[in-house]
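Report on the structure
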Amino acid sequence: MGEEEKTIDESEGAISMKNIRTYCLVFGFTAIMLMPSLLKNLAPDSALSGVTLSSALPDMSKKELLNGRLQESLNTYYAEHLPGRDFMINIRNQVIFSLFHQSPNELIILGKDKVLFEEEYVLKYEKYYPPATREYTEDLCEKLVRLQDLLSARGKEMYIFITPTKVRYYEEFVPDIYRQNNRFPDEPGNYEQFTDTLKNYPLHVYDSIPWINERATTADFPLFYRTGTHWSWVLGMEVAADFARYLNEESRFTFPQANVAYQPTEEPVHPDADIFKLLNLFSKPYDEVYFQAEFLSEPRTDEGPNLFCRGGSFMEQTISPLIRNGYFKQDTYVQNTMIYRNCFSELTEFSDYAEMDLKQEIDQADIILLEVNEAHIPVMSFSLIDYLLEHPEILSE
């Protein structure tokens, strides 16, 4: 009898444990299914920084259903529109960054002392990719001289604006594995090759790097922030003031002189934490101090020249204080596939230079400004130089 009771008790215990496991399984499955909605309610304002692409709800058709594309499209759509998705990505990224000390963004490098870099700039500066050759920079300079002469014949001024990368000033914080992968150690870098070639050509060049090198010896603010990829807001404005000085010396037009006032601020000013935001973390930017800056210029006494720019985000950061302070009568700034006009108040986009009325832009411009970042010397001005030279009607009267 005792053995029977013991067997019954063991059976009831086994059933009880089985029920517990079943309940746990059901509860866990339900929690997982409800997790997105719960997270959405916990963090309704969670949003991701950077470029995100979301697919539209696919069209329902018998053909798409039978060939399997509808199911695949629906799976993609619901994966991208899952409630709480952004919040869950924030959690994942924070764990990777804080616990494993890695960058959750494959395009961003977490360097020593938590200095962030865009991998593209590191690979180009450390010459993992082949740098510009002498043959290339000579050909580029010859094209620039031809373009400058054609513009000068019409009474227009052309300037080249050279900008640096963060790696130049913070190379010691780059992870060793990148510095050891220099595949062209005996070749000069893009910047060194280009500037050495420029010495032999009569081009008007504003090279910001020597000025920054000199300013670095006395600067009481960061040239670049650990959390940013562009030069700091203060440095960008100081380069703008120095560029105004340069134009006033080189141009037939006069340009008001300026200086920059700055003071500490609790929150970073764009772009001082731009690359950090792309990590999509919960934690805040971690540089010790950020600065707010103000561009103080003398009043302009005339209308100023008309400006046409083709550049990137570095020069945009620097030329914008001049534009916003009335240094130019009219302004057009072309960056990537975007066209900004009238003090950045009008924005249009293009995919091919043929879509732009470049003749009108060149006709009305007094100054043509072309930026080249040292990392992008091999693709300077994104084929605009070649396009203008291949279409002489744009440059003609």
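Cut-offs used in this document
- Residues numbered from 1 in each chain as written.
- Predicted model: local features only at pLDDT ≥ 70, side-chain atom pairs only at ≥ 80, totals over all residues.
- Heavy atoms only, no water.
- Helix = DSSP H or I, 4+ residues; strand = E, 2+ residues; numbered from the N terminus.
- Buried < 20%, exposed > 50% of the residue type's maximum accessible area, 1.4 Å probe, protein only.
- Contact = heavy atoms within 4.5 Å.
- Areas by Shrake-Rupley, 256 points an atom, 1.4 Å probe, with all protein chains shown as cover.
- Salt bridge = Lys/Arg side-chain N within 4 Å of Asp/Glu carboxyl O.
- Phe/Tyr/Trp six-rings, centres within 6.5 Å; stacked < 30°, edge-to-face > 60°.
- Lys NZ or Arg CZ within 6 Å of the ring centre and 35° of its normal.
- Pairing = 2+ DSSP bridges.
- Core = buried A, V, L, I, M, F, W, Y, C linked by side-chain atoms within 4.5 Å.
- Expected span 1.5 Å × (residues − 1).
- Axes fitted to C-alpha atoms, helices over the stretch in contact; angles between N-to-C directions.

Comments concerning the overall build of the protein
The number of helices and strands found in the protein is 16 helices and 11 strands. Taking all 397 residues of the protein together, 44% fall into the buried category. Long-range pairs, those at least 24 residues apart, make up 75% of the contacts in the protein with a sequence separation of at least 6. Accessible surface for the protein amounts to roughly 21,700 Å². Of this, 53% is attributable to carbon and sulfur atoms.

Topic: the pattern of salt bridges
Tallied over the entire structure, the rule returns 22 salt bridges. A salt bridge links Asp302 to Arg300; the nearest nitrogen and oxygen atoms lie 2.3 Å apart. Among the residues examined, Asp302 registers a relative accessible area of 39% and is labelled partly exposed. Looking at Arg300, the relative accessible area reads 18%, which means it is buried. The residue Arg341 makes a salt bridge to Glu361 at a minimum N-O spacing of 2.7 Å. Within this pair, whereas Arg341 is found in strand β9 (residues 338–341), its partner Glu361 is found in helix α14 (residues 358–364), the two being separated by 20 residues in sequence. Arg341 sits in the partly exposed class, given a relative accessible area of 22%.

Focus on the packing of aromatic side chains
Applying the stated criterion to the full structure yields 24 aromatic pairs. Ring geometry for Tyr170 against Phe224: centres 6.2 Å apart, planes inclined by 75°, an arrangement best described as edge-to-face. Of this pair, Tyr170 sits in helix α7 (residues 166–170) while Phe224 sits in the loop between α10 (208–215) and α11 (233–250), and the two are 54 residues apart along the sequence. As far as the burial class goes, Tyr170 and Phe224 line up, both buried. When the ring centre of Tyr286 is taken as origin, the NZ or CZ atom of Lys114, which lies over that ring, is 4.2 Å away. Above the plane of the ring of Phe255 lies Arg300, whose end atom (NZ or CZ) is 5.4 Å from the centre.

Focus on the pairing of strand β7 (residues 307–311)
Across the five residues that make up β7, a large majority, five, are buried. Residue alternation in β7 divides its side chains into two sets, Leu307, Cys309 and Gly311 and Phe308 and Arg310, and both sets are buried. Here β7 pairs with strand β8 (residues 331–335) via five bridges, running parallel. Looking at the pairing, Gly311 lines up with Gln335 of β8.

Some words on the nonpolar core
Burial of nonpolar side chains together is a common tendency in soluble globular proteins. In terms of nonpolar packing, the biggest core is built from 92 residues, with Leu144, Phe194, Ile319 and Leu370 touching the most fellow members. Examining the composition of this core, we find that 11 residues originate from one element, α11, more than from any other. Beyond its immediate chain neighbours, meaning those up to four positions away, Ile319 contacts Phe243, Leu307, Cys309, Phe328, Tyr333 and Leu369. In this structure, Ile108, Leu110, Leu116 and Ala273 belong to the second largest nonpolar core, which totals 10 residues.

Focus: helix α4 (residues 85–99)
Here α4 contains 15 residues, and its C-alpha end-to-end distance of 21 Å stays within 8% of the 21 Å for a straight helix at 1.5 Å per residue. Within the span of α4, buried status applies to Phe87, Asn90, Asn93, Gln94, Ile96 and Phe97. Positioned one or two residues after α4, His101 has a phi angle of 55°, which is positive.

Here we look at the environment of Trp211
Within the fold, Trp211 resides in helix α10. Taking the C-alpha atoms as reference points, Trp211 and Asp242, 31 residues apart in sequence, are found 8.4 Å from one another. Those residues in contact with Trp211, other than ones at most four positions away along the chain, are Tyr206, Leu235, Glu238, Val239 and Asp242.

Regarding the sheet that holds strand β11 (residues 367–373)
Ordered by their spatial adjacency, seven strands build an open sheet running β4-β3-β11-β7-β8-β9-β10, and the pairing between neighbours is mixed. The sheet terminates laterally at β4 (205–207) and β10 (346–349), the two strands that pair on one side only. Strand-to-strand twist of the sheet, defined as the mean angle between neighbouring strand axes without regard to direction, takes the value 15°. The pairing of strand β3 (residues 157–163) with β4 spans three bridges and is parallel. The partner of Phe161 across the bridge, within β4, is Tyr206. This element, helix α6 (residues 134–152), spans β3 and β11 of the sheet and lies at about 145° to β3. Contacting β3, β4 and β11, α11 crosses the sheet at an angle of about 155° to β4.

Coordinates in, geometry out; function isn't part of it.
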